[in-house]
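# Observations on chain architecture
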Amino acid sequence: MTDGGGATRGDEVGTRILDAALQILRARGPSAVTMQAIVEATGIAKTTVYRRHPNRRALLTAALAGLVIRPSIPPGASREQRLGWVISQSSDVIANGIGGGGFAALLTDEDPDFSDAFREILGAHRGLAIEVLGDDSGDADTVIDMIVGGDVAELGRTGAVDTSWCDRILAVLNPGN
């Protein structure tokens, strides 16, 4: 069964292509994700890459689509658990999804194909985060904006977002618990 992006579950070659695309994206930004760069990073024939992804946009879209798949939160989770999940998943999409290079390109819109594809992914992630936060979160859109903005600010201030950052943000957004 295909994942809609040219790879099949258990397809080692397809997985290597998508993993290489994400690694290049994180390290050097979307403009560095080219078919030739994938060939050089993986050793996979260019014809094989093109057979799975007819163009660069399709490759980027397929690589980014994997970022929507997030671990689930148990039913009946407390407000604190749900908020903690949203914080950690939002941070993970940036750090282990598109990385600093991809995020910088998104902000500058240097690569409109990438920006469009990633904004679709962000919309799906945001919808899931709003659903997880539920009715007791107040303004879920603003809470998510605060989380993502805080993550980016921490990345800019320190060069990395360490594991204690999620706990600190949870303490601020969920005082008294």
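Up top is the structure.
Read on for a plain summary of the structure. Treat the numbers as computed from the prediction; the structure is a model and nothing was measured. (Residues numbered from 1 in each chain as written. Predicted model: local features only at pLDDT ≥ 70, side-chain atom pairs only at ≥ 80, totals over all residues. Heavy atoms only, no water.)

### Quick look at the overall build of the protein
- The helix and strand tally for the protein stands at eight helices and zero strands.
- A compact globule built from 177 residues should have a C-alpha radius of gyration of about 16 Å, and the protein, at 17 Å, falls within 12% of that.
- On the principal axes, the C-alpha backbone points of the protein span a range of 55 × 35 × 25 Å.
- Per-residue burial over the protein gives 41% buried out of 177 residues.
- Considering only intrachain contacts with a sequence separation of at least 6, the fraction spanning at least 24 residues in the protein is 61%. (Helix = DSSP H or I, 4+ residues; strand = E, 2+ residues; numbered from the N terminus. Rg over C-alpha atoms; globule rule 2.2 N^0.38 Å. Buried < 20%, exposed > 50% of the residue type's maximum accessible area, 1.4 Å probe, protein only. Contact = heavy atoms within 4.5 Å.)

### Thoughts on the pattern of salt bridges
- Taken as a whole, this structure holds eight salt bridges when the rule is applied.
- Put simply, Asp-11 and Arg-52 hold a salt bridge, and the shortest N to O gap is 3.2 Å. One end of the pair, Asp-11, is in the segment before α1 (12-28); the other, Arg-52, is in helix α3 (residues 46-52), and 41 residues separate them in sequence.
- The class for Arg-52 is partly exposed, based on a relative accessible area of 23%.
- For Asp-113, the salt bridge goes to Arg-57, with nearest N and O atoms at 3.1 Å. In this pair, Asp-113 is assigned in helix α6 (residues 112-133) and Arg-57 in helix α4 (residues 56-65), connecting sequence segments 56 residues apart. (Salt bridge = Lys/Arg side-chain N within 4 Å of Asp/Glu carboxyl O.)

### Regarding the environment of Asp-139
- Mapped onto the fold, Asp-139 is located in the loop between α6 and α7 (140-158).
- Assessed through its relative accessible area of 46%, Asp-139 is described here as partly exposed.

### Details of the packing of α1 against helix α5 (residues 79-108)
- Close contact between α1 and α5 brings their axes to 5 Å; oriented N to C, the two are set at 40°. Taken together, the axis directions place α1 and α5 in an arrangement best described as oblique. In this structure, α1 meets α5 at a crossing whose hand is left-handed. Residues Leu-22, Leu-25 and Arg-26 of α1 pack against Ala-95, Asn-96, Gly-97, Ile-98, Gly-99, Gly-100, Gly-101 and Gly-102 of α5. (Axes fitted to C-alpha atoms, helices over the stretch in contact; angles between N-to-C directions. Parallel < 35°, antiparallel > 145°, perpendicular 65-115°, else oblique. Left-handed = near helix turned anticlockwise from the far one by under 90°.)

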